[in-house]
Amino acid sequence: MYVGFKEATNDFVVTMDSDSVIINGHSLMELMAPFQDQRVGAVSGNIQVLNKDKTLMTKIQWARYWLAFHIEKASQSPYHGVTCCSGPFSAYRKEYLMKYLDRWINQEFLGQKCTYGDDRGLTTLMLEHGYKVKFSKYALCVTNVPETFRKFTKQQIRWKKSFIRENYYLLKFLHRLNPFMKVEFVWFWIIFLMGFVAKLLAFGMLITGNYSFLSFVIMIVFVAMLHYIYAFVRSPGRRGYYGVLYGFLNEFWVMWLFWYAAFTLKETAWGTR
């Protein structure tokens, strides 16, 4: 990527993954559209799942990708604060990109050279320099996702490591960002940490007999379905159920990987394959 950025001769650079496919020519046009604003430094495309019907794991990841882009990135874009221009399909204004490219390629964290989270790292530096980062809903691209639970777990650990690292850097210049980004950042971490505490307290009350098992189950089901039920509403029928399934996977497995990632931050192996 570094060599490609250096060799590029046009005003904009598009990044892609080798296992991703642009839907049509209009996707490139849509990806470029936000750059009409000279303050826009980067744009994330809308990435969905190519191999969504391959295994149960790919089917439930379809729901996660759908929400991540149609809800999360779409809600960040109006205040120009998308925090990750995803690697499978994003674009950068080269003039701005070159200002911090060497800093990016030499990035270190906890004394280790950074090997993962290249897309989030680029986005953080763009935000730090005061440039707008947008999401383009109609810049469609599909990508392959892990087909097994083991590969999915490794991917999630890597993503969470880069998430922790870049949120640490983001915190350093949070005071310079727009008010909406500040509110989102603080609110996310409050809810995130309170969720862990609530689950631990509920589990403690369960094993001490102060909390009924049925109440515990109802709480977990409610939390698991709350966020991902939207995928079911927007996509009724068989595919919509996968959003609910991902909610359970998130509650019982994915969110707990955060702590494993936090305690293994110095391990820099790629991990997916």
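Here goes a summary of the coordinates provided. Note that the structure is predicted; figures quoted are calculated from it, not measured.

What follows covers the packing of helix α3 (residues 56–76) against helix α10 (residues 241–252). The description of two helices packed together rests on the angle between their axes and the distance between the axes. It is at 8 Å that the axes of α3 and α10 come closest, and there the two elements cross at 95°. Comparing the axis directions of α3 and α10 gives the class roughly perpendicular. On α10, the residues touching L56, M57, K59, I60, A63 and R64 of α3 are Y242, G243, L245, Y246 and L249. Class assignment of the residues belonging to the contact of α3 with α10 gives a composition of eight nonpolar, one polar and two charged.

A positive phi angle is found at H80, which is not glycine, with a value near 60°. Along the chain, the position of H80 falls in the loop between α3 and β4 (89–93). Under the relative-accessibility criterion, H80 is labelled partly exposed at 26%. Here the phi dihedral of L110 falls at roughly 55°; this positive angle occurs in a residue that is not glycine.

Each α-helix turn comprises 3.6 residues. Residues three or four places apart therefore point the same way. Here helix α8 (residues 179–207) contains 29 residues, and its C-alpha end-to-end distance of 42 Å stays within 8% of the 42 Å for a straight helix at 1.5 Å per residue. Within α8, burial applies to M181, F185, W189, F192, G195, F196, K199, A202 and L206. Put simply, N178 is the residue that caps the front of α8, since its side-chain oxygen is 3.0 Å from the backbone nitrogen of F180. Once α8 ends, the next one or two residues include G209, with phi positive near 85°.

Calculation criteria
- Residues numbered from 1 in each chain as written.
- Predicted model: local features only at pLDDT ≥ 70, side-chain atom pairs only at ≥ 80, totals over all residues.
- Heavy atoms only, no water.
- Axes fitted to C-alpha atoms, helices over the stretch in contact; angles between N-to-C directions.
- Helix = DSSP H or I, 4+ residues; strand = E, 2+ residues; numbered from the N terminus.
- Parallel < 35°, antiparallel > 145°, perpendicular 65-115°, else oblique.
- Contact = heavy atoms within 4.5 Å.
- Nonpolar A, V, L, I, M, F, W, Y, C, P; charged D, E, K, R; others polar.
- Buried < 20%, exposed > 50% of the residue type's maximum accessible area, 1.4 Å probe, protein only.
- Expected span 1.5 Å × (residues − 1).
- Polar contact = N/O pair within 3.5 Å; in protein donor to acceptor, adjacent residues only side chain to side chain.

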